[in-house]
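The primary structure of each chain is shown beneath.
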Amino acid sequence: MKAQALDSKRKEAREYQTRSSGVFFKVKKVLYEKKSAFQKIEIIENDFYGRVLFLDGLVQTTEKDEFFYHEMLVHPALACHSRPEKVMIIGGGDGGALREVLKHPVKKAWLVEIDQEVIRACEKYFPWLDKALSDPRAELAIADGFEFIQRTTEKFDVIIVDSSDPVGPSAILHAKDFYQKLKKVLKPDGIIVAQAGSQLLHLEEHAQKAKFLKKMFRFARFYFGPVPTYPVGTWCYTFLSDRIDPLKIKKLRIPAGLNYYNAEIHQACFATPAFFEQAIK
Ligand code: SAM
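Quick summary incoming for the structure in this document. For clarity, every value in this text was computed on a predicted model and none was experimentally measured. (Residues numbered from 1 in each chain as written. Predicted model: local features only at pLDDT ≥ 70, side-chain atom pairs only at ≥ 80, totals over all residues. Heavy atoms only, no water.)

**Observations regarding the pattern of salt bridges**
The full count for this structure, using the stated rule, is 20 salt bridges. With its nearest N and O atoms 3.6 Å apart, the salt bridge here joins glutamate 12 to lysine 26. Of this pair, glutamate 12 sits in strand 2 (residues 12–18) while lysine 26 sits in strand 3 (residues 21–26); the two residues are 14 residues apart in sequence, bridging distant segments of the chain. Glutamate 12 gets classed as partly exposed once you look at its relative accessible area, which sits at 26%. Measuring nitrogen to oxygen at the nearest pair gives 3.3 Å for the salt bridge that ties lysine 40 to glutamate 42. Using a relative accessible area of 23% as the deciding quantity, one classes lysine 40 as partly exposed. Residue glutamate 42 is classed as buried on the basis of its relative accessible area, which comes to 1%. (Salt bridge = Lys/Arg side-chain N within 4 Å of Asp/Glu carboxyl O. Helix = DSSP H or I, 4+ residues; strand = E, 2+ residues; numbered from the N terminus. Buried < 20%, exposed > 50% of the residue type's maximum accessible area, 1.4 Å probe, protein only.)

**Brief notes about the pairing of strand 9 (residues 108–113)**
Of all six residues making up strand 9, five are buried, and the element is well covered by its neighbours. Relative to strand 9, strand 8 (residues 86–91) runs parallel, the two sharing five bridges. Residue pairing for strand 9: lysine 86 is matched across the bridge by lysine 108. Taking the sense of rotation as the criterion, the β-α-β connection linking strand 8, helix 2 (residues 96–101) and strand 9 turns out right-handed. Pairing of strand 9 with strand 10 (residues 138–142) involves five bridges; the strand directions are parallel. Looking at the pairing, tryptophan 110 lines up with glutamate 139 of strand 10. (Pairing = 2+ DSSP bridges. Right-handed = clockwise from strand over helix to strand, strands pointing away.)

Below is the structure:
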């Protein structure tokens, strides 16, 4: 994906998702702009989508449609686990995933975000982050997720990889080596979920990932959900576990009051389109 950098006088923010197509937002106001040690961070206001977070010019989160992504990233795994006490989120500095995790009866949730500036900006402009971080069960670690998992002495019930796309500081979070190390800090009956990219645009990456993930985990399934502002609209996630098959759970533990995810969506989201099945075969 190609990104177009914003500037404070720009009337429009565009993200090229392919060479010839993409998404644009009319900029009502530029709320925040800063180049951190890792990436360019921008937050704009748009009439329809509300506040929109860009990292290096790529849309990460919008107030209007973030629930599609965060609910689908978090709840399928947490609803399948009978006692998700220790949960780790890698990335996720906008706080949406942490907010959703805390809807479950977890004992502790770590947010491992590499970029302190993303946290600062999102605390100010996406108030759900501040609220989630004030929960006594939440612990923030400003650290590279790859390094964090190599030094932690904890074992986790659920690990959520809420990374950006495989460019910049996130590239490392999509590689085989990372998943091998991640598995070492997962309890035997644990679950890993990761955002995996666009269903249509990243087919080749999905095929490569499927090869090693299927060897590494007894259950390695892709699942899907819409995210209107992400490239081509349908997003992919991976569900990985040695003990838990997400399609054989008798009682899903779903918190009340969600906007998108429910028991019917849970069953449906693992249905794989023919072109995708063919690609990951
Ligand atoms: N849902 C989003 C998407 O796909 O567009 C991703 C959201 S979240 C903002 C991604 C976060 O991952 C960013 O804040 C980024 O700083 C963080 N990140 C990138 N590489 C990381 C790493 N190696 N360790 C920890 N966090 C990382």
